[in-house]
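Structural characterization, general
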There are 2 protein chains.
Amino acid sequence: MPGSALRRTAKRLLAALTLVATLAVGYAQAEPPAITPEEFETATQIYFDRCAGCHGALRAGATGPNLFPDRLSEKGEGYLEAIIYGGLPGGMPSMGAHGILTMEQIDVMARFLLNEPPAPAQISLDQILETWQVHVAPEDRPSEPQHDLDWENFVGVILRDMGQVAIVDGDTHELVSLVDTGYAIHILRSSATGRYFTAIGRDGKASLIDLWSDPPEVVAEVKPCYDARSIESSKFEGFEDAYAIVGCYWPALAVVLDGLTLEPLKMIGTAGYQRGAGDYVEEARVAAIVASHYYPEWIVNIKEAGQTWFVDYSRLDEPGQPMAITMLDTDLFLHDGGWAGDRYFVVAANALNKLMVIDAQERTLAAEVTAGEIPHPGRGANWVHPEYGPVWATGNLGSAEMTVMGADPEGHPEHAWQVVARVEVPFTGNLFLKTHDNSPWVFYDSPMSPSPAGTATVCAIDKVALETERCWEVPGAQELGARVVHPEFTRGGSEVWLSVWGSMNEPSFIVVYDAITLEEIDRIEGDWVRTPTGKFNVYNTAQDVY
Amino acid sequence: MPGSALRRTAKRLLAALTLVATLAVGYAQAEPPAITPEEFETATQIYFDRCAGCHGALRAGATGPNLFPDRLSEKGEGYLEAIIYGGLPGGMPSMGAHGILTMEQIDVMARFLLNEPPAPAQISLDQILETWQVHVAPEDRPSEPQHDLDWENFVGVILRDMGQVAIVDGDTHELVSLVDTGYAIHILRSSATGRYFTAIGRDGKASLIDLWSDPPEVVAEVKPCYDARSIESSKFEGFEDAYAIVGCYWPALAVVLDGLTLEPLKMIGTAGYQRGAGDYVEEARVAAIVASHYYPEWIVNIKEAGQTWFVDYSRLDEPGQPMAITMLDTDLFLHDGGWAGDRYFVVAANALNKLMVIDAQERTLAAEVTAGEIPHPGRGANWVHPEYGPVWATGNLGSAEMTVMGADPEGHPEHAWQVVARVEVPFTGNLFLKTHDNSPWVFYDSPMSPSPAGTATVCAIDKVALETERCWEVPGAQELGARVVHPEFTRGGSEVWLSVWGSMNEPSFIVVYDAITLEEIDRIEGDWVRTPTGKFNVYNTAQDVY
């Protein structure tokens, strides 16, 4: 074919010239800023650790906007540096001002964001196995607690930017142990027996902390994800502490682990189709996970898929490890949630302002309830109201409201999954609320309030009157530029603790209130108290007391 | 930062110059051949229809080798054209010599393969809905057959390269109806009642054929995939004909359809991790699917994932459409398979030379059995042997052997899932074998034999002696350059039919033998008999008789 060969040569020449011309023009216009391979790699890791949670592993946007270069190039490198340094009122943290990133890192990140995103890596079992370490084998662990402390009243405190968890004695308020974990731990969960804490870092690293050691220590760790938010133990009778599951933000994956060694056993891909029929979502992130009380399974919420999966862990010792997953269509933007009583799991479809009520016994969607704006229940709060019977409440990030709904379809069907009160609070920006049978109050924070006073404020809400009783600023918090966050009760419910979440550059404190009189009774202080956030009482966490 | 800005400008200049230099050198070396966008689009579609089945939608290789340009560029454009035209002994079909592709198309394909593969498209529910057509609504369909023919003895004949299915009367051998379907139909399946045939094309189009119409016609169609191989109906009591499922080769997807309208209801992504823990497989293709006799579920084999999924269809009418999928690790390269008795489904892990025996009642892997080389059972063959009791047999593509194994763990545990005979046959290249209770023979083809005589040969194997009784060339097949393929019995088992699969450019025939005497009793001929391949008797297919 000499004629066609000639034609092709001509075409190639034209193509090459066009490319050179395009390059020259593009160069004169808006070339992305140069970044070395080493800088790119560093930035990719920082992005995963610090940015992907809100902006998505693919930079396609999630809670935060997309970070694609075509949108950002209009804003320019200097603007990006300023935002990364100082944050934005909508929720973008001040990475520079709070000492999280250096000026050099911020410079690299701004340039990184103006270049095309890297193809995000998948992960294999072999890669996960390389990260797996058993520091103390199960057979070498003690058969009884090695200390005389009341370990069921220990409180695990996340020191967010320190890569540490503090184990604090709930009786004495003394630091028992400081353990190194993954970076920016998102949550702790108690194993079924309460003996172990499992911790999951935003960097995807899971740690198993044995509270019977003296001092409590990390006995196993593994990193099944590049980015993660959730972890849970197996809690059904006969499977106590046997397994754990990690929910990844990236890759789109949940990983089942041996509960005593964290050995990775099963990888469950979550990429799929929205609500079981719709568009393909490559970045289907795993949000809240809880262990069911009805079956040997976990309830796993797949955020972008709009599905809640019931993941069976009862047959992992059989050949072929048959694993049943019941996929229930709920709705998009699933995030956090907790039990309403024993049977119903309530999860926020946060960007839809909705709560999805999941019947764990029937594995069905029992109800959808409209909350305030961007509900953020954490685990929510349960109590019995004299008129409405058992109720369940959530806070909201976007509206100054605690939303209370009936939660007893059997005993109070007329109120079930109906909003019975929208309790006014002074600030938006709530992240967590908590109550206990022995306290008349729901404690309610507002750390994401745009007002500095709001971020330092805690409210006590009357569980019977369904009114805000009192709100107050935690003295000293504003001076530290800190946010007051995450109420947690001690075992028995006599005290409630709140974290004063400041900069990693200086110590802050945890404030302790009497859960009835609301009087401050102590401050937990020390050089180690830096960036405290979530706190998890062993008994309350293991027994789902909230 | 004027210093760093200067540095960056210098870097940019260097980068631009390097790129130009690289381009110039690369250009002098091996620029991929030019291809216009229109040619690229055409080639992409031809690739999906004709090549992806063996070489993978991502061109990463599967049954055939990878087709990445870095490997192929050494071979060159002329070589590729020759191979596409004339085929290769290992299984590459002769696309030009058999009139499947024109010379112009072969030229485009060779250039296409030397360019980088396109990113394969995902599919959304909306896209699938656009392809969905109901030609006759269920309420407008007859409530009884509109003809006096024995429709349960109809035989659906795939006319592979014609995009048609012929409905042939099993009593009279007359053509009843010729219906237009998807391109290169892979299989037909009967609905539970037998009234409907579902057909799936390699182009991903599913067609529903109503055999009660006069003449039988396509009453609904939908195209849930770009590339597909499997379809099945719901058959469990209470769900007869209610649902259907299509297994896609690309995207990695199974789609549940309404059984009477083919409306798409659920999309089940299959991308995930090999054997539940391993490497991520984006291209996890759906191979054989059968309806379980034990539960309202389908048994779905995910080829590259090495998993067999039990997909529940019983709760699709509940809110949230809860759908339980039990994922069982079997092994990689799952392909075709059939029932051994009622309880066990046997699927070939073909590139491993293994058969996986799946217990549909317990949802477990009952056994792994080593077959010959590249077992290709189709549905396999079941009979009761005087010594071994119930047995099940497969043919093999790569070795001249029919493999017979015991299939009765309850009655004959000593032989269960043990190979009891390896029956010698004259040729490799088997695709299908079939038997019937009323025939003493297993009929055995060898259409993929490298020998032209082999491709035209059929064997009858003695079910008691476990020996090949007789093999013979079908007269006239070699003259047509045709392959003799796919034995199928009529209802009652008195006749066995074999397709003479020639070129689409001239008619061939279907040969009919007496299933006891092995005498040729008829040839089904006509201008419409072009590229006949699979044949499916309604009764035998609906009742799993093989």
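Residues numbered from 1 in each chain as written. Chains lettered and ligands numbered in written order. Predicted model: local features only at pLDDT ≥ 70, side-chain atom pairs only at ≥ 80, totals over all residues. Heavy atoms only, no water.

**Some thoughts on the side chain of His-486 of chain B**
Assignment of secondary structure puts His-486 of chain B in strand E31 (residues 483-489). Setting aside residues no more than four positions away along its own chain, His-486 of chain B makes contact with Phe-432, Lys-434, Asp-445, Trp-497, Leu-498, Ser-499, Thr-533, Gly-534, Lys-535 and Phe-536 of chain B. (Helix = DSSP H or I, 4+ residues; strand = E, 2+ residues; numbered from the N terminus. Contact = heavy atoms within 4.5 Å.)

**Considering the sheet that holds strand E2 (residues 154-159) of chain A**
Residues and elements named next belong to chain A. Taken in spatial order, the four strands of this open sheet run E4-E3-E2-E35, and their pairing is antiparallel. Every other strand in the sheet has two partners, leaving strand E4 (175-180) and strand E35 (532-537) as the edge strands with one partner each. When the angles between neighbouring strand axes are averaged without regard to direction, this sheet yields 20°. Taken together, the six bridges between E2 and strand E3 (residues 164-169) define a ladder with antiparallel strand orientation. By the bridge assignment, Ile-158 is partnered in E3 with Val-165. (Pairing = 2+ DSSP bridges. Axes fitted to C-alpha atoms, helices over the stretch in contact; angles between N-to-C directions.)

**Considering helix H5 (residues 103-114) of chain B**
Residues and elements named next belong to chain B. The end-to-end C-alpha separation of H5 is 17 Å, in line with the 16 Å expected for 12 residues at 1.5 Å each. In terms of residue burial, H5 counts as a mostly covered element, since nine of its 12 residues are buried. Every buried residue belonging to H5 is among Ile-106, Asp-107, Val-108, Met-109, Ala-110, Arg-111, Phe-112, Leu-113 and Leu-114, and all of these are buried. (Expected span 1.5 Å × (residues − 1). Buried < 20%, exposed > 50% of the residue type's maximum accessible area, 1.4 Å probe, protein only.)

**Observations concerning the pattern of salt bridges**
Residues and elements named next belong to chain A. Throughout the structure, instances matching the rule amount to 50 salt bridges over all chains. Two residues, Asp-107 and Arg-111, come together in a salt bridge whose shortest N-O distance is 2.9 Å. Of this pair, Asp-107 and Arg-111 both sit in helix H5 (residues 103-114), four residues apart, roughly one helical turn. The class of Arg-111 is buried, set by a relative accessible area of 3%. The salt bridge involving Glu-401 is made with Arg-422; its shortest N-O contact spans 2.8 Å. Here the residue Glu-401 occupies a position in strand E25 (residues 401-406), and Arg-422 occupies one in strand E26 (residues 419-424), the gap between them amounting to 21 residues. Taken together, the shared-partner salt bridges connect Arg-189, Glu-232, Lys-235 and Asp-544 into one network. (Salt bridge = Lys/Arg side-chain N within 4 Å of Asp/Glu carboxyl O.)

**A look at the sheet that holds strand E12 (residues 264-269) of chain A**
In sheet architecture, strand pairing relies on hydrogen bonds along the backbone and comes in two forms, parallel and antiparallel. All names here are of chain A. If you trace the four strands from one edge of the open sheet to the other, you get E9-E10-E11-E12, paired in antiparallel fashion. With one partner strand each, in any of the chains shown, strand E9 (227-233) and E12 form the two edges of the open sheet. For this sheet the average axis-to-axis angle between neighbouring strands, irrespective of direction, equals 20°. For strand E11 (residues 253-258) and E12, the ladder comprises five bridges, and the chain directions are antiparallel. Looking across to E12, one finds that Leu-257 is bridged to Pro-264.

**With respect to the packing of helix H4 (residues 77-86) of chain A against H5 of chain A**
Residue and element names in this part refer to chain A. Where H4 meets H5, the axes come as close as 9 Å, and the angle between the chain directions of the two elements is 130°. Overall, the two elements H4 and H5 adopt an arrangement that is oblique. Remark: the crossing between H4 and H5 carries right-handed chirality. Residues Glu-77, Leu-80, Glu-81, Ile-84 and Tyr-85 of H4 touch H5, and the partners they reach there are Met-103, Ile-106, Asp-107, Met-109, Ala-110, Arg-111, Leu-113 and Leu-114. Here the residues of the contact of H4 with H5 sort into nine nonpolar, no polar and four charged. (Parallel < 35°, antiparallel > 145°, perpendicular 65-115°, else oblique. Left-handed = near helix turned anticlockwise from the far one by under 90°. Nonpolar A, V, L, I, M, F, W, Y, C, P; charged D, E, K, R; others polar.)

**A look at the interface of chain B and chain A**
Taken together, the contact pairs 58 residues of chain B with 58 residues of chain A. Both sides together, the interface formed by chain B and chain A hides about 4300 Å², and carbon and sulfur atoms give 56% of it. Between Lys-266 of chain A and Asp-329 of chain B there is a salt bridge whose closest N-O contact spans 2.8 Å. The tally of links between chain B and chain A comes to 13 residue pairs in polar contact (both at pLDDT 80 or more). Taken together, the elements giving at least two residues each to the side of chain B that touches chain A come down to helix H1 (2-30), helix H4 (77-86), H5, strand E12 (264-269), strand E18 (323-329) and strand E22 (364-370) of chain B. Per-element tally for the side of chain B that touches chain A: the top contributor is H1 of chain B, with 10 residues. (Buried area = accessible area lost by both parts, 1.4 Å probe. Polar contact = N/O pair within 3.5 Å; in protein donor to acceptor, adjacent residues only side chain to side chain.)

**Concerning the environment of Thr-102 of chain B**
Residue and element names in this part refer to chain B. Within the secondary structure, Thr-102 sits in the loop between H4 and H5. Its relative accessible area of 44% is what places Thr-102 among the partly exposed residues. Separated by 17 residues in sequence, Thr-102 and Tyr-85 place their C-alpha atoms 8.9 Å apart.

**Structural notes on the domain arrangement of chain A**
Residue and element names in this part refer to chain A. Each assigned domain of chain A is listed here: domain 1 (3-113), domain 2 (124-329) and domain 3 (425-546). In this complex, domain 1 contributes 10 residues to the contact, which on the side of domain 2 involves 13 residues. Regarding the contact of domain 1 and domain 2, the summed buried area is about 960 Å², with carbon and sulfur atoms giving 50% of it. Interface area lost by domain 1 to domain 2 is led by Phe-48, Asp-49 and Leu-58, which between them contribute 47%. Counting across the interface, domain 1 meets domain 2 through one salt bridge. For Arg-50, the salt bridge goes to Asp-161, with nearest N and O atoms at 3.4 Å. Our count for the domain 1 to domain 2 interface comes out at five residue pairs in polar contact (both at pLDDT 80 or more). Each residue belonging to the side of domain 1 that touches domain 2 can be placed in one class, and the counts come to six nonpolar, two polar and two charged. (Domains from an automatic or database assignment.)

**Examining the nonpolar core**
All names here are of chain A. Of all hydrophobic cores here, the largest spans 66 residues; its most connected members are Met-109, Val-246 and Met-267. Counting residues per element, this core draws most heavily on H5, which supplies seven residues. Counting contributing residues, this core receives three or more from each of domain 1 (3-113) and domain 2 (124-329). (Core = buried A, V, L, I, M, F, W, Y, C linked by side-chain atoms within 4.5 Å.)

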